Structures are given as structure tokens and as C-alpha cells.
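Close look at the chain arrangement
Residues per chain, in single letters:
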Amino acid sequence: EPEVTQTPSHQVTQMGQEVILRCVPISNHLYFYWYRQILGQKVEFLVSFYNNEISEKSEIFDDQFSVERPDGSNFTLKIRSTKLEDSAMYFCASREINQPQHFGDGTRLSIL
Amino acid sequence: EDQVTQSPEALRLQEGESSSLNCSYTVSGLRGLFWYRQDPGKGPEFLFTLYSAGEEKEKERLKATLTKKESFLHITAPKPEDSATYLCALYNFNKFYFGSGTKLNVKP
């Protein structure tokens, strides 16, 4: 069964550095999402992406964040000038039209 | 503001002891309510989508129901492998809102 894959599984970065989290959505899916889950807290919506542009974003998704689909298969989340509070699990999800989202297993981001 | 509230936060059951998890919501114009299962260190795994009050979906020992203000996930005769965190999520105006989840522990 096709899966959403995320790399790396764990990323350790110094505070103030930039980090790029990578996702390969399921190949025929059209809608892409990023979520974050701080340890012990709920899954929070960050951004949705469709037709090569952001379709919706949350208050969390400020100028520090950006998303890109650089080619036909990857979907990336860039976090500039990371802060301690950016430490969390980041999940990518994708879906077809009128279908539920499928999630990857996440990247654990640790900011030191 | 909290749009999705799940209860209880944690639930311990004996194997075979049926129970229900609750998801209450306060949005208008609901476009879909989703149930997911999340195992430790994994991403949420899709279980059900419900779109309108009165709708029910079933899969093995799980049954999801929806009213205008809440959804229930009924677990019948659970097994230890049903132990996980169960998440409820709403789809509204192109955003998804997750509840905090119910952590279910089924003892053999």
C-alpha cells in the first residue's frame, strides 16, 4: 500500500539555524499538508497546499515557515531561524480529492 | 478557542470490556469529522469519516457515530492490540482541527 514518507526521522539543529523537513506524498494525491505536534499536546494544523500554492494556513505558520513542492514528488517545510519552541513532531499528510488524509510517520525536530 | 474536545483523556479497559470515546465540537458548517488512531512514534492512521448527523460507520470492533454536536467511537470487546491514542478531527473552511485524543489502554 502506498505511503507518505518523511525524512529525516529525527533532526537535531542548533537554535537560529534553518531546517528543511522533507516529505514524499502518495504519488496521485493532489492536496498536501503539514502539521506539528508538540510533545504531549494535540496535532496542530500548519498549512495546506494545492495546485502549487498555499490554500490555507494557521496562525502558527508565520514568516518563519515556508513550503515548497520543488519537483513532482517532494513537498518540503522550511523553518528559518529555529527557536527552542519549534521542537516538535512534524507530520506531512496528503490526500486525493474527497478522500481522507494519509499521514507520514513524522520528523522529530529537536532544537538545542 | 477550542473547537474539538475529546473525553476521557485516558481510558483503561479490560480485554472484552466495551466502552465509548467522545468527541464534542462547536463549529458551524461542519464539512467532515474524522477519527484516527495514533500509535506511539507514528503518524495518525485513518479510521472513519462522517459527514452528517445520524451517519454511522463500522470497522471490526469499532463503530463511529455522529450527531449535530458530538461523535462517539464505540469499541466492542476490545483487544490489547486496540491500545492506542484515538484522535478526532474536524474539517472546516480548509483547515483541520484535531482534538487532544483519548489514550486507550486495553489490558489482557
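To be clear, the structure that these remarks concern was listed above.
So, here's what we can say about the structure. Computed from a predicted structure; not experimentally measured.

Quick look at the nonpolar core now. Leu33, Trp35, Leu73 and Tyr86 of chain B are the most contacted members of the largest nonpolar core, which has 23 residues in total. Looking at this core, the elements that each hand over two or more residues are β2 (10-14), β3 (19-25), β4 (33-38), β5 (45-50), β7 (62-66), β8 (70-75), β9 (84-92) and β11 (102-107) of chain B. Here the element with the most residues in this core is β9 of chain B; it accounts for four residues. Discounting chain neighbours no more than four positions away, the residues touching Leu73 of chain B are Ser19, Ser20, Leu21, Trp35, Phe48, Leu62, Lys63, Ala64 and Tyr86 of chain B. Formed by 22 residues, the second largest nonpolar core is a distinct cluster that contains Val19, Val67, Tyr90 and Leu109 of chain A.

All names here are of chain B. On β8, burial follows the alternation: Ser71, Leu73 and Ile75 on one face are buried, whereas Glu70, Phe72 and His74 on the facing-out side are not. Across six bridges, the pairing between β3 and β8 is antiparallel. When the sheet's bridge partners are listed, Ser19 is paired in β8 with Ile75. Turn length for the β7-β8 hairpin, with the two strands adjacent in sequence and antiparallel, is three residues.

Residue and element names in this part refer to chain B. Ordered by their spatial adjacency, five strands build an open sheet running β1-β3-β8-β7-β6, and the pairing between neighbours is antiparallel. Looking along the sheet, the strands with just one partner apiece sit at the ends: β1 (4-7) and β6 (56-59). The mean angle between the axes of side-by-side strands here comes to 15 degrees, regardless of whether they run parallel or antiparallel. Looking at chain direction, β6 and β7 are connected through four bridges and run antiparallel. Bridge assignment links Lys59 to a residue of β7, and that residue is Leu62.

Under the defined criterion, the tally for this structure stands at 17 aromatic pairs over all chains. Lying over the aromatic face of Tyr31 of chain A, Arg95 of chain A brings its terminal NZ or CZ to 4.2 Å of the ring centre. Of note, Arg95 of chain A hangs over the ring of Tyr91 of chain B, and the distance from its end group to the ring centre comes to 5.8 Å.

Scanning all chains against the criterion turns up two disulfides over all chains. Put simply, Cys23 of chain A and Cys92 of chain A are joined by a disulfide, and their sulfur atoms are 2.0 Å apart. Between Cys23 of chain A and Cys92 of chain A, the disulfide has an S-S torsion of -65 degrees and is therefore left-handed. Taken together, the residues Cys23 of chain A in strand β3 (residues 19-24) and Cys92 of chain A in strand β9 (residues 88-95) connect sequence positions 69 residues apart. The two residues Cys23 of chain A and Cys92 of chain A agree in class, both being buried. Bridging Cys23 of chain B to Cys88 of chain B, the disulfide has an S-S length of 1.9 Å.

This part takes up the environment of Gln101 of chain A. Summarising the element assignment, Gln101 of chain A is placed in the loop between β9 and β10 (102-103). Along the sequence, Gln101 of chain A and Val4 of chain A sit 97 residues apart, while their C-alpha atoms lie 10 Å from each other. Those residues in contact with Gln101 of chain A that sit more than four places away from it in its chain are Tyr33, Tyr35, Ala93, Ser94 and Arg95 of chain A together with Tyr36, Phe46 and Phe96 of chain B. A distance of 2.9 Å separates a polar atom in the side chain of Gln101 of chain A from a polar atom in the side chain of Tyr35 of chain A.

Rules of the game
Residues numbered from 1 in each chain as written. Chains lettered and ligands numbered in written order. Predicted model: local features only at pLDDT ≥ 70, side-chain atom pairs only at ≥ 80, totals over all residues. Heavy atoms only, no water. Core = buried A, V, L, I, M, F, W, Y, C linked by side-chain atoms within 4.5 Å. Buried < 20%, exposed > 50% of the residue type's maximum accessible area, 1.4 Å probe, protein only. Helix = DSSP H or I, 4+ residues; strand = E, 2+ residues; numbered from the N terminus. Contact = heavy atoms within 4.5 Å. Pairing = 2+ DSSP bridges. Axes fitted to C-alpha atoms, helices over the stretch in contact; angles between N-to-C directions. Phe/Tyr/Trp six-rings, centres within 6.5 Å; stacked < 30°, edge-to-face > 60°. Lys NZ or Arg CZ within 6 Å of the ring centre and 35° of its normal. Disulfide = S-S within 2.5 Å. Polar contact = N/O pair within 3.5 Å; in protein donor to acceptor, adjacent residues only side chain to side chain.

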